[in-house]
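# Chains, contacts and geometry: an overview
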Amino acid sequence: GTRDMIGDCAGAIIGQDPFRTEYLWQRMYRGTFYPPGREKIHALGALDCALWDIKGKALNAPVYQLLGGRARAHIECYQSLGTLGLKGAREEARKVREKGFRAIRFHGSDPAGGVFNSRKAVDLTAAVCAELREGVGPDGDWILDAHTRFDMPDAVRLCKLVEPLNPFFVEDPIRAINDPGLFKILRAQTGVPLAAGEQFGDKWDGTQPLVEQGLIDYLRVAIPNVGGITEYRKIAALCETHYIGLVPHFTAPISTAAVVHAALAFPGPVMNEVLTASLPAYLKSGFEFKDGKIYPNDRPGIGVVFDPEKTHLIDEIVKPRAVSGYQRPDGSFTSL
């Protein structure tokens with residue numbers, strides 16, 4: 001989100017009870033005339049994570065305890081490496097497994113001269129996938145993120161070529177990633193597990209139809225993109241209902257700490273994407289990463305200790321703003 005989006009959302013909660021996370025989420029989401037777009041939902045999600053952190057610290061409890069407690073001992077992770085070519089792909093996969101990661105993920109190869117020839121890209125991508133399968137070995141996994149680069153004919157051919165290599169999933173195989181009609185067509189022509197969601201916002205923004213119609217196997221939405229912990233736990237319940245796993249897209253370290261708490265309380269399959277596990281100077285403590293896994297800790301809130309002296313203050317919101325919208329007789333929000 002942007003500074004203006006943060007300011008708009010923050011003004012809606014100044015002077016309110018921070019424990020009312022659901023009410024405040026609705027107040028930020030529905031408190032203006034137009035429905036929020038993805039940028040505003042990102043800003044809302046950051047503030048929502050902060051509210052859950054306040055609640056956990058006030059109650060001296062980690063947030064995962066407030067969400068039902070741990071459903072798992074730790075969260076498995078996969079290493080995300082971007083583009084890979086034929087040369088060195090097998091060795092990179094082997095190194096990732098030696099670090100303790102369950103899987104390696106890549107999103108294709110750089111096109112020659114910056115020109116993307118989709119038919120040639122399919123053949124090269126499939127060849128790299130074969131190298132990754134050899135590199136991770138029989139007990140490892142590999143992931144292909146097609147990065148919305150392919151139209152339907154190439155997406156179908158790519159999925160068919162990699163299917164014998166047993167991918168963990170193929171992500172964003174077609175350009176229209178929130179079109180359930182196109183996913184139905186692709187689903188009927190391939191047996192590879194499919195994933196989508198890294199570009200989605202709230203549960204109505206692509207997630208609901210793909211999950212409810214069983215068109216994907218793993219959902220890639222992340223905090224705060226969907227609107228924070230409040231919205232993520234609802235999406236998680238939707239996924240559990242339809243036997244869909246959660247594979248959150250990587251995010252910044254404070255958001256990753258929040259994702260960990262939500263994922264720890266989710267009973268279905270989970271695997272988290274990691275680019276780097278190092279913490280920035282402004283965090284004295286954050287999520288606990290070791291040997292390709294993220295482990296829970298008992299620190300209150302989301303477990304982050306923030307040092308404001310190591311950052312730059314962009315804005316300070318101290319005045320409440322007027323909130324529009326209708327409320328029911330009991331005080332709950334009903335519409336914009």
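Below, the structure is looked at part by part.

Analysis parameters
- Residues numbered from 1 in each chain as written.
- Predicted model: local features only at pLDDT ≥ 70, side-chain atom pairs only at ≥ 80, totals over all residues.
- Heavy atoms only, no water.
- Salt bridge = Lys/Arg side-chain N within 4 Å of Asp/Glu carboxyl O.
- Helix = DSSP H or I, 4+ residues; strand = E, 2+ residues; numbered from the N terminus.
- Core = buried A, V, L, I, M, F, W, Y, C linked by side-chain atoms within 4.5 Å.
- Buried < 20%, exposed > 50% of the residue type's maximum accessible area, 1.4 Å probe, protein only.
- Contact = heavy atoms within 4.5 Å.
- Axes fitted to C-alpha atoms, helices over the stretch in contact; angles between N-to-C directions.
- Parallel < 35°, antiparallel > 145°, perpendicular 65-115°, else oblique.
- Nonpolar A, V, L, I, M, F, W, Y, C, P; charged D, E, K, R; others polar.

## Points about the pattern of salt bridges
Per the counting criterion, the structure on display carries 23 salt bridges. The partner of Glu98 in a salt bridge is Arg94, with the nearest N and O atoms 2.2 Å apart. With Glu98 and Arg94 both in helix 5 (residues 89-98) and four residues apart, the pair spans about one turn of that helix. Between Arg105 and Glu273 there is a salt bridge, with its nearest N and O atoms 3.7 Å apart. Taken together, the positions of Arg105 in strand 2 (residues 103-106) and Glu273 in strand 8 (residues 272-274) put the pair 168 residues apart, joining distant regions of the chain. A single network of salt bridges, built from pairs that share partners, joins Arg105, Asp145, Glu171, Glu198, Arg220 and Glu273.

## What about unusual backbone geometry?
With glycine set apart, most residues show a phi of negative sign, and most peptide bonds adopt trans. For the bond running from Ile223 to Pro224, omega is 0 degrees, close enough to zero to count as cis. Positioned with a positive phi, Tyr243 is a non-glycine residue whose angle comes to about 55 degrees. Relative to the elements of secondary structure, Tyr243 occurs in the loop between helix 10 (228-241) and strand 7 (245-246).

## Let's talk about the nonpolar core
Soluble, globular proteins show a tendency: their nonpolar side chains are buried together. One finds Leu132, Trp142 and Ile229 to be the most contacted residues of the largest nonpolar core, which totals 72 residues. For Leu132, the contacting residues outside a window of four places in its chain are Leu84, Ala89, Ala93, Ile104, Phe106 and Trp142. In this structure, Cys9, Ala12, Trp25 and Leu44 belong to the second largest nonpolar core, which totals 15 residues.

## Quick notes on the packing of helix 3 (residues 38-59) against helix 10
Orientation of helix 3 relative to helix 10, taken along the N-to-C sense of each, is 95 degrees, at an axis distance of 6 Å. For the element pair helix 3 / helix 10, the angle class is roughly perpendicular. Where helix 3 abuts helix 10, its residues Gly45, Asp48, Cys49 and Trp52 lie against Gly228, Ile229, Thr230 and Arg233. Broken down by class, the residue content of the contact of helix 3 with helix 10 amounts to three nonpolar, three polar and two charged.

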